[in-house]
Structures are given as structure tokens and as C-alpha cells.
Amino acid sequence: MNDMLPSYLGGEWVGGAGRGAAVADAVTGEHLHQVSSEGLDLSGAVAFARIAGGPALRALTFPQRAALVKAAAAALGERKQELYDLSASAGATRSDAKVDVDGGIGTAMVYAGLGKRGLPDDTVVVEDDPIQLGKEGLFFGQHVLTSRRGLALQINAFNFPVWGMLEKLAPALLAGVPSIVKPATPTAYIAQHAVRIVVEAGVLPEGALQVVCGSIPGVFDLLGGQDAVGFTGSAETAGRLRADAAVTHRSVRFNAEADSVNSSVLGPDAQPGTPEFDLFVQALVTEMTVKAGQKCTAIRRAFVPRQHLDVVTDAVQAKLSEVVVGAPGAEGVTMGALVGLAQREDVREKVAQLASHATTVFGDPHSVEVVGADAERGAFVSPVLLRADDPDAGSVHEVEAFGPVSTLLPYGSTEQLVGLVARGEGSLVGSVVSYDDAFVRDVVLGVASHHGRVLVLDRDSAPESTGHGTPMPQLVHGGPGRAGGGQEEAGLHAVFDHLQRTAVQGGPTRLQRLLAQ
Ligand code: NAP
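Rules used throughout
- Residues numbered from 1 in each chain as written.
- Predicted model: local features only at pLDDT ≥ 70, side-chain atom pairs only at ≥ 80, totals over all residues.
- Heavy atoms only, no water.
- Near = heavy atom within 4 Å.
- Polar contact = N/O pair within 3.5 Å; in protein donor to acceptor, adjacent residues only side chain to side chain.
- Areas by Shrake-Rupley, 256 points an atom, 1.4 Å probe, with all protein chains shown as cover.
- 1 Å grid on protein atoms, 1.4 Å probe; cavity = no way out; pocket = protein on both sides within 12 Å on 5 of 7 lines; lining within 4 Å.
- Sits in = over half its atoms within 2 Å of the grid points.
- Helix = DSSP H or I, 4+ residues; strand = E, 2+ residues; numbered from the N terminus.
- Axes fitted to C-alpha atoms, helices over the stretch in contact; angles between N-to-C directions.
- Parallel < 35°, antiparallel > 145°, perpendicular 65-115°, else oblique.
- Left-handed = near helix turned anticlockwise from the far one by under 90°.
- Contact = heavy atoms within 4.5 Å.
- Nonpolar A, V, L, I, M, F, W, Y, C, P; charged D, E, K, R; others polar.
- Points joined across faces, edges and corners; volume = space filled by probe spheres on them.
- Patch = residues over 30% accessible without salt bridge, like charges linked within 9 Å, V, L, I, M, F, W, Y side chains within 5 Å.
- Salt bridge = Lys/Arg side-chain N within 4 Å of Asp/Glu carboxyl O.
- Buried < 20%, exposed > 50% of the residue type's maximum accessible area, 1.4 Å probe, protein only.
- Phe/Tyr/Trp six-rings, centres within 6.5 Å; stacked < 30°, edge-to-face > 60°.
- Pairing = 2+ DSSP bridges.

(A) Summary view of the site of the ligand. Around the ligand, 27 residues are found, and the nearest of them are Asn-156, Thr-185, Ser-234, Thr-237 and Glu-400. The backbone of Asn-156 places a nitrogen or oxygen atom 2.7 Å from an oxygen atom of the ligand. At a separation of 3.4 Å, an oxygen atom of the ligand approaches a polar backbone atom of Ala-184. Against a free-state accessible area of 910 Å², the protein chains account for coverage of 80% of the ligand. A majority-of-atoms criterion places the ligand in the largest pocket. Elements with a minimum of two residues in the shell around the ligand: β11 (228–232) and α7 (235–242). Of the residues forming the shell around the ligand, the biggest block, three residues, is contributed by α7.

Listed below in C-alpha cells is the structure:
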């Protein structure tokens, strides 16, 4: 039986040797396939990216590259049903799959638009006006951005196989840099199928996009100063890879998006009965249950004025009791499964750690009623709400249970609140739900230093709000400190991150002729 998931390397689909890792259906527990890169020519793939992909992309202008990004996204859009179907095997409901698949396609489309409208019809970006450096006006300097002659190695997390790939691929393509994608093993089959769709559409030059299913031994040894690694995953893996000599000695650019203990804050003005109170409760439950809480942006700490802690607990409990856990597509199911049994074990362990400093007020990580599937064979887990009456409790600010798990915490003063939020040591996103200008200002400015994105939610913006958990490609997605210290998305800045900034100095006329656009 050949059940090996093929990789796309050097222009061919090739299966690894050995047995590698077995991947099972998250809902039924049935064996799906093996993932192994053993025996694959990974150094050949690196060379192919450099020799074929890079030159072909660099020969194109920015708008031409934007057209490629758009064509790749359109090809995926036409066959997205196939990706939804595969996502169901990873435990994703249809709306979960849309977050990944449509979210990824939308992100690529936004980048295509930014590239078409925001970049010159050229292969170089002239960043600024000439800067006079001599008294007589004979000598000036100016910055240009050009494509690096390397490749982008994308190492992705399991939870967003399509979006995670496209948000990295689109800026790299715009920058004229070829990509080798290394998806996380548990959902590599979804990312691999997305690559297959793009390859079959024939829209990208050969060597612009390759995918390795399995591990990538030795690849870091081949990387140098023209290359970039975009990593999404746990802080632990990020730390290990960041310490590689490729990064520490050869200056491979390393962008990390790691885990974070994101927060949401309910303002003291948002009493029960106000629109903001309801928005806070709804956002918390949404963030807990979309993708069964396997979102890097999910709310892990929900801060509530101490006097409202009981009533918020009741309101969140009531909403969580409406959640129906089960097989994606089964009647009434609103939350699917975790990606696999190992992930469920991890969530149970992390909940136990949180429970040493908090009380469980909803759900049991070891027991859940499931519709349309077997609760034990599938990787199902109940939403779990905890409550830490002592907000200083250590683990609550440190432990990320990567599932449908959040903790309610009380606060007194705004000053105390800002200090507590900062205990997350750097997050991707925080939100403040309030209609009080002064409170919102104090919180936003107080916590901005620790966040890549801060969302203000109130009755006026709610109808168009894109929500706490949704990164927007036009804006920063990334966070300081524990969140990895990188920026995976940031509008055109994500493209510029792949380009080399060079100061060109010379006489004004020469510079003008050289850099005319
Ligand atoms: P992970 O175990 O750290 O794995 C992440 C990726 O690194 C996978 O593709 C993994 O491949 C790969 N990897 C592991 N060891 C490697 C090595 N020595 N060399 C090269 N690649 C290696 O994380 P995960 O379990 O997939 O993802 C969950 C975590 O990611 C959560 O903590 C979550 O918060 C975080 N996350 C963050 C964001 C964000 O945007 N900040 C988004 C999503 C998830 P294998 O699977 O083959 O081991």
C-alpha cells in the first residue's frame, strides 16, 4: 500500500521513503497516510529554487508578480471545495475551514492588490527622495529595495495549513523570492493539496513554489544571508531554530510567530445590559470555539471588573452551553475536533496546569458529549472555561492551552489591569471592549507596547469589526516577546522584509538617471 503523502520538489511529485509519521483522521481516528521526507533530494530543491524559481520571479515587475499572486489565489478559489472537504478530516467545521481557506485566499488577493497599486512598474523600489549629503549639492544618497537572491523557507503550524502558507507565499512572490513550504505534519495533506491546485493551474514559474511533506534535515545548513525563514509554531521550536548557525552565524533572516496568551478586557462602564457587555461575551465564546480554539490569536485571558465577575461567568457559561461538539457537517454541530489525539492530550495537560491556579467553571477536558462521531476515537474536547479569582496566579499568564480554553480574571484599577495584561510577556492581539473614551485610551496606550495588534470593540464599530481573532493582511500580524518578535503580515512592509535595502550614493544627476521610475 503506497499511502505516502508526496512532496513537490524540483518540478515533480515525489514520495519519501521509510514510514515516517502516521496521520489519522481527527474525527474518526482512521489512518489517512504517512508523512516522510526520507531520501528526498532536499538540497536539489534548494538549488532548484535558486536556479529556476528566483531568476524567473526576479525577471518580472512588481505588477506582473501581483498578477501571479492573484492567479494562484483565483485557482484556489475555484477548487476550494476540495480544501473544505480535506479540512473536515482535520476536525474543521465548514466555517472553520472557511477561516483557513477563504481567509488565505482573501489574504493573497489583498496582497495582489497592494502589489499592483502600491508598488512601481519596475523590479526595484526607490524608497525616498534624494537626501543631500554635501554642502554644494554635488553628493546625495537614496535608498533602494531590490530582491534578495535567495529563497524563503516557510515552516508552518498545523492549525492554518492554507492561510498560514498563503500569507507567507504572497509577500515572497511579490518580492521575487521563491518559496519552499514545510507544512506541519498533522495537516500537511491540506497544504500539499493547495500547492497541487496551484501547480496544476500552471500559474507560477517552475521553482517558485515547492512543498516538503515531512522533516527538513540539513536544509538550514544550506541557507545563507540571501535567504529567509518564516516560522509559525510553538515558542519552543522557534527557540531551537533561532539558535541554528544559519541564523546566528550566517544571518539568515528569521521571522517567528509563536504562541501567545492573548487577552480581552471588559471596561467598567460595560455593565450587564449594555451592548459592550454582550459583545465581550460573544467575542470570548467565538474565540474559544472557532477552530476548537486552535488559533494563535484566541483569547486566553478575559479580564473583567471584579464587581462583574459573577455575572460575566454566568453569561459565558450560558453561551457555552449552546455549543454542540461533533463531526463537521453533522446536524447542529457548531464546534469540531482538535487536530489529533496528541493535541487533545496536550490540551488536557495544559488545562491541568491552569487548574492549579484557577477553578473550572464550565466543561470537563476529559468528557464531552459528541454528535455524529465517537468521543474517544475522535479528538474531541469540551470547551473549558476557568476562573482565577486571584489574578496574580502564575500559570494563567504563562500557559497556553491550544484548544477551546479561556480563563476569566478579575481586575480592580486600570493600572493593575495594564500590569496584568503585560504578564503575558508579549501577545499577538488584545482587545478592549468599552464605550468609555478615557478608559479605552488608558488601556490601548498602556498595553500597546506588548502587542502587535489592539482591537477596540464597541456598539458603533461592531457591525463592521473584523473581530479579535482575525489578522488583516493590511495590518501587523505578529507580536513582541513571547509572541515571537516577528511580523508575518504588515501590508507592503511584509514584502519589503524580503527585499534588501541599499543606500545608493552619488551625484544628483547620476542618481536621478539611475533611479528614475
Ligand atoms: P510546532 O510543533 O512548533 O511546529 C511548528 C512547525 O515547525 C511544524 O511545521 C513542525 O513540523 C516544524 N518543526 C518542528 N521541529 C522542526 C525542526 N527541527 N526543523 C524544522 N521544522 C521543525 O507547532 P505546532 O504544534 O504545529 O503549532 C501550534 C503552535 O503554533 C501553538 O503554540 C500556536 O500558538 C502557534 N501558532 C502561532 C501562530 C502565529 O501566527 N503566531 C499561528 C498558528 C500557530 P512537524 O509538524 O513536521 O514537526
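After that view, the rundown keeps rolling.
(B) Broad picture of the packing of helix α2 (residues 62–78) against helix α6 (residues 188–201). Between α2 and α6, the shortest axis-to-axis distance is 9 Å and the interhelical angle comes to 115°. Between α2 and α6, the interaxial angle falls into the category roughly perpendicular. The hand of the α2/α6 crossing is right-handed. Touching Ala-72, Ala-75 and Leu-76 of α2 are Ala-194, Ile-197, Val-198 and Ala-201, all from α6. Of the residues belonging to the contact of α2 with α6, the class tally is seven nonpolar, no polar and no charged.

(C) View of empty space enclosed by the protein. Under the counting rule described, the total for this entry stands at four cavities of 30 Å³ or more. Volume-wise, the largest cavity comes out at about 110 Å³. Ala-90, Ala-92, Asn-159, Lys-291 and Gln-294 are, among the 17 residues lining the largest cavity, the residues nearest its centre. No other element matches helix α4 (residues 94–118), which puts three residues into the lining of the largest cavity. In the lining of the largest cavity, the residues fall into nine nonpolar, five polar and three charged.

(D) Inspection of a nonpolar patch on the surface at higher detail. Taken together, Ile-131, Leu-133, Leu-138 and Phe-139 make up a surface patch of nonpolar side chains, about 380 Å² in accessible area. Counting through the fold element by element, Phe-139 comes out in the loop between β6 (131–132) and β7 (140–147). Accessibility expressed as a relative area gives 36% for Phe-139, which makes it partly exposed.

(E) Structural detail: the packing of helix α3 (residues 80–89) against α4. Here α3 crosses α4 at 135°, and the two axes come no closer than 9 Å. Judged by the angle between their axes, α3 and α4 are oblique. As for the relative orientation of α3 and α4, their crossing is right-handed in sense. Across the interface between the two elements, Lys-80, Gln-81, Leu-83, Tyr-84, Asp-85 and Ser-87 of α3 pack against Arg-94, Ala-97, Lys-98, Val-101, Asp-102 and Ile-105 of α4.

(F) Layout of the packing of aromatic side chains. Going through the model one piece at a time under the given rule, you end up with five aromatic pairs. A ring pair is formed by Phe-158 and Phe-402, whose centres lie 5.8 Å apart and whose planes are at 85°; its orientation type is edge-to-face. Here the residue Phe-158 occupies a position in the loop between β8 (152–155) and α5 (163–174), and Phe-402 occupies one in the loop between β16 (384–387) and β17 (405–411), the gap between them amounting to 244 residues. Each member of the pair Phe-158 and Phe-402 is classed as buried.

(G) Spatial organisation of the layout of surface pockets. Here the largest pocket defines a volume of roughly 970 Å³. If you trace the largest pocket, you find 43 residues lining it, with Ala-157, Thr-232, Gly-233, Ser-234 and Thr-237 closest to the centre. Looking at the lining of the largest pocket, the elements that each hand over two or more residues are α5, β11, α7 and α11 (341–355). The element contributing the most residues to the lining of the largest pocket is α11, with five residues. Broken down by class, the residue content of the lining of the largest pocket amounts to 20 nonpolar, 11 polar and 12 charged.

(H) Main features of the sheet that holds strand β13 (residues 262–266). Within the open sheet, the seven strands sit side by side as β15-β16-β17-β14-β13-β18-β19. Their pairing is mixed. Every other strand in the sheet has two partners, leaving β15 (359–362) and β19 (451–457) as the edge strands with one partner each. Across the sheet, the mean angle separating the axes of adjacent strands is 25° when strand polarity is ignored. As judged from the four bridges shared by β16 and β17, these two strands associate in the parallel manner. Bridging across to β17, Val-384 finds its partner in Val-405. Strand contacts of α11: β15, β16 and β17, with the helix running at about 15° to β17, the strand carrying the most contacts.

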